[in-house]
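# Topology and contacts: notes
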Amino acid sequence: MSSTFDQVATIIAETCDIPRDTITPDSHAIDDLGIDSLDFLDIAFAIDKAFGIKLPLEKWTQEVNDGKATTEQYFVLKNLSARIDELVAAKGAGA
Amino acid sequence: MQLEYFILIDRILDLNIGEKTIQVEAQVPQHNTIFEGHFPGYPIMPGVLLIESMAQTSGWLLLALMKFERMPFLAAVKEAKMRGFVSPGEVLTIDANVLHEGSGYAMTEAKVRVGGKLKCNATITFSHIPFPNPDLRGHMEAMAKRVGFPQQAIAHD
């Protein structure tokens, strides 16, 4: 799996004290790993710092609340990793 | 400091938008019923109120950075350390800086000093949302004037 996923999984394991080997690309951060919104702020902070980006949590939450997206699109870890890669690429393109 | 109204900050001494720092001052009241219980014969400022003073200091900083468009709410306190007693009547100097600005949340670091001596510090997380109603925003702007908030830092509709 991508190094992005590995980094994200390590961040989640360390931030939420979840055994690393239980975190897979198909894990849903909320439904499978039991991470709540407050804990996810710590994860977002660590991801923002590690990748030099700003996870658009508010936009994602709004999209989910409006029925325009599912939580799986953003919070299944392989999808989250893909979103991170997109944000990193967009940042690089804009630099 | 008006503990009855949960107003912990007396005045803003310095607000640096560019550096994302703030310094405020607050005097612990000489007399308050809180000290009758905390503790009888040995009054000291409760640690939770010192934490709240750091949260309110950070809150003013975040309000400034968000141009009074959004309201920060306390979400988490980490590494809060009470390093020394604070007594009635003492003047607190509280500094805060932004550690990170995320999407819908922010983290700050804050320190309380008395006479230059560090009394407590913490890392604080806030979630923030658009002001839920005009009344709250109006109240915060009125409070801002009262504590000497630089008026140019308050955006107007």
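Residues numbered from 1 in each chain as written. Chains lettered and ligands numbered in written order. Predicted model: local features only at pLDDT ≥ 70, side-chain atom pairs only at ≥ 80, totals over all residues. Heavy atoms only, no water.

### What to know about helix H2 (residues 37-51) of chain A
Residue and element names in this part refer to chain A.
- Taking 1.5 Å per residue as the helical rise, H2 with its 15 residues ought to reach 21 Å, and the 20 Å between its terminal C-alpha atoms agrees with that figure.
- Of the positions making up H2, those classed as buried are Phe40, Leu41, Asp42, Ile43, Ala44, Phe45, Ile47, Asp48 and Phe51.
- The N-capping residue of H2, defined by a side-chain oxygen 3.2 Å from the backbone nitrogen of Leu38, is Asp36.
- Two residues or fewer past H2, Gly52 is found with a positive phi of approximately 65°. (Helix = DSSP H or I, 4+ residues; strand = E, 2+ residues; numbered from the N terminus. Expected span 1.5 Å × (residues − 1). Buried < 20%, exposed > 50% of the residue type's maximum accessible area, 1.4 Å probe, protein only. Polar contact = N/O pair within 3.5 Å; in protein donor to acceptor, adjacent residues only side chain to side chain.)

### Looking at unusual backbone geometry
Residue and element names in this part refer to chain B.
- In the segment running from His38 into Phe39, the intervening peptide bond is cis, with an omega of -5°.
- Structurally, Phe39 is set in the loop between helix H1 (34-37) and helix H2 (47-65).
- Residues other than glycine seldom take positive phi values, yet Lys67 does so here, at roughly 50°.
- Relative to the helices and strands, Lys67 is located in the loop between H2 and strand E3 (70-82).
- Despite not being glycine, Phe68 shows a phi value in the positive range, around 55°.
- One can find Phe68 in the loop between H2 and E3.

### Some points on the environment of Ile34(B)
Residue and element names in this part refer to chain B.
- Mapped onto the elements of the fold, Ile34 is located in helix H1.
- For Ile34, a relative accessible area of 29% gives the class partly exposed.
- Separated by 10 residues in sequence, Ile34 and Ile44 place their C-alpha atoms 9.1 Å apart.

### With respect to the pairing of strand E1 (residues 11-16) of chain B
Residue and element names in this part refer to chain B.
- As paired elements, E1 and strand E2 (residues 21-27) share five bridges and run antiparallel to each other. Of the residues in E2, the one forming a bridge with Arg11 is Glu25.
- Where E1 folds back onto E2 in an antiparallel hairpin, the turn is made up of four residues, including Lys20, whose phi is positive at roughly 60°. (Pairing = 2+ DSSP bridges.)

### Points about the interface of chain B and chain A
- Each partner contributes to the interface: chain B provides 14 residues, whereas chain A provides 12 residues.
- Roughly 1000 Å² of surface becomes buried between chain B and chain A when both sides are summed, with 59% attributable to carbon and sulfur atoms.
- Summed over the three residues of chain B that lose the most area to chain A, namely His100(B), Ser103(B) and Tyr105(B), the buried surface amounts to 47% of that side.
- Counting across the interface, chain B meets chain A through two salt bridges.
- Of the charged contacts, one joins Glu58(A) and Arg70(B) as a salt bridge, the two residues approaching to 2.3 Å between their closest N and O atoms. (Contact = heavy atoms within 4.5 Å. Buried area = accessible area lost by both parts, 1.4 Å probe. Salt bridge = Lys/Arg side-chain N within 4 Å of Asp/Glu carboxyl O.)

### Description of helix H3 (residues 57-65) of chain A
- Those residues of H3(A) that fall on the buried side of the exposure criterion are Leu57(A), Trp60(A) and Glu63(A). Considered in projection along H3(A), the buried side chains sweep an arc of 130° and stay on one side of the axis.
- Where H3(A) is buried, its residues contact H2, helix H4 (71-75) and helix H5 (77-94) of chain A together with strand E5 (105-114) of chain B. (Arc of directions from axis to C-beta.)

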